[in-house]
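Geometric and topological summary
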Amino acid sequence: EVQLVVSGGGLVQAGGSLRRTCAASGFTFSSYDMSWYRQAPGKERELVAAIASATGSTNYADSVKGRSTISRDNGKNTVYLQVNSLKPEDTAVYYCRAWGTGLYFGNVYWGQGTQVTVSS
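Described below are features of the structure shown in this document. (Residues numbered from 1 in each chain as written. Predicted model: local features only at pLDDT ≥ 70, side-chain atom pairs only at ≥ 80, totals over all residues. Heavy atoms only, no water.)

Let us now look at the state of the cysteines. Inspection of every chain in the model, using the stated rule, returns one disulfide. Put simply, Cys22 and Cys96 are joined by a disulfide, and their sulfur atoms are 1.9 Å apart. Of this pair, Cys22 sits in strand β3 (residues 18–25) while Cys96 is found in strand β9 (residues 92–100), placing the two residues 74 residues apart along the sequence. With respect to burial, Cys22 and Cys96 carry one shared label: buried. (Disulfide = S-S within 2.5 Å. Helix = DSSP H or I, 4+ residues; strand = E, 2+ residues; numbered from the N terminus. Buried < 20%, exposed > 50% of the residue type's maximum accessible area, 1.4 Å probe, protein only.)

Written as structure tokens, this is what we have:
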């Protein structure tokens, strides 16, 4: 059974930091590009950050660039998202997504959302 279990949400004050964790199981994690998305109330889901499976290269949305770090530990089947200097506009439900590469191309898995609320 494929699972992406997200943890690390919560309420935090503006200027603070939060680290989200997405623990994967049931698929070959190292062969999947991993990414974090978020969806704020009334808005579409948007990409926050992504990390490639093979190279570990990363990319970030402009809104979080310079204050966020996405990382992965293939030995633990886990991807992380650290966001610093949080702003009220970071308030959203955050999701992790796995996108298959190579033999697994076309497979897409989503974790459950975790609410992050940033108070001003």
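A few words on the packing of aromatic side chains. Going through the model one piece at a time under the given rule, you end up with eight aromatic pairs. Ring centres 6.4 Å apart and planes at 85° place the aromatic pair Tyr95 and Trp110 in the edge-to-face group. Taken together, the residues span a long stretch of sequence, with Tyr95 in strand β9 and Trp110 in strand β10 (residues 108–110) at a distance of 15 residues. Seen from their ring centres, Trp99 and Phe105 are 6.3 Å apart, and the 80° between their planes marks the pair as edge-to-face. Take Trp99: its relative accessible area is 29%, and that puts it in the partly exposed class. The exposed category is assigned to Phe105, whose relative accessible area is 61%. Of the aromatic side chains, those joined through ring pairs into one cluster are Phe27, Phe29, Tyr32, Tyr104 and Tyr109. (Phe/Tyr/Trp six-rings, centres within 6.5 Å; stacked < 30°, edge-to-face > 60°.)

Further remarks concern the nonpolar core. Core analysis: the largest hydrophobic core is formed by 29 residues, its most contacted members being Leu4, Cys22, Met34, Trp36, Ile70, Val79 and Leu81. Those elements that provide at least two residues to this core are β1 (3–7), β3, β4 (32–39), β5 (46–51), β8 (78–83), β9 and β11 (114–119). Leave out the neighbours within four places in its chain, and Leu4 touches Cys22, Ala23, Ala24, Phe27, Met34, Cys96, Arg97, Ala98, Tyr109, Trp110, Gly111 and Gln112. (Core = buried A, V, L, I, M, F, W, Y, C linked by side-chain atoms within 4.5 Å. Contact = heavy atoms within 4.5 Å.)

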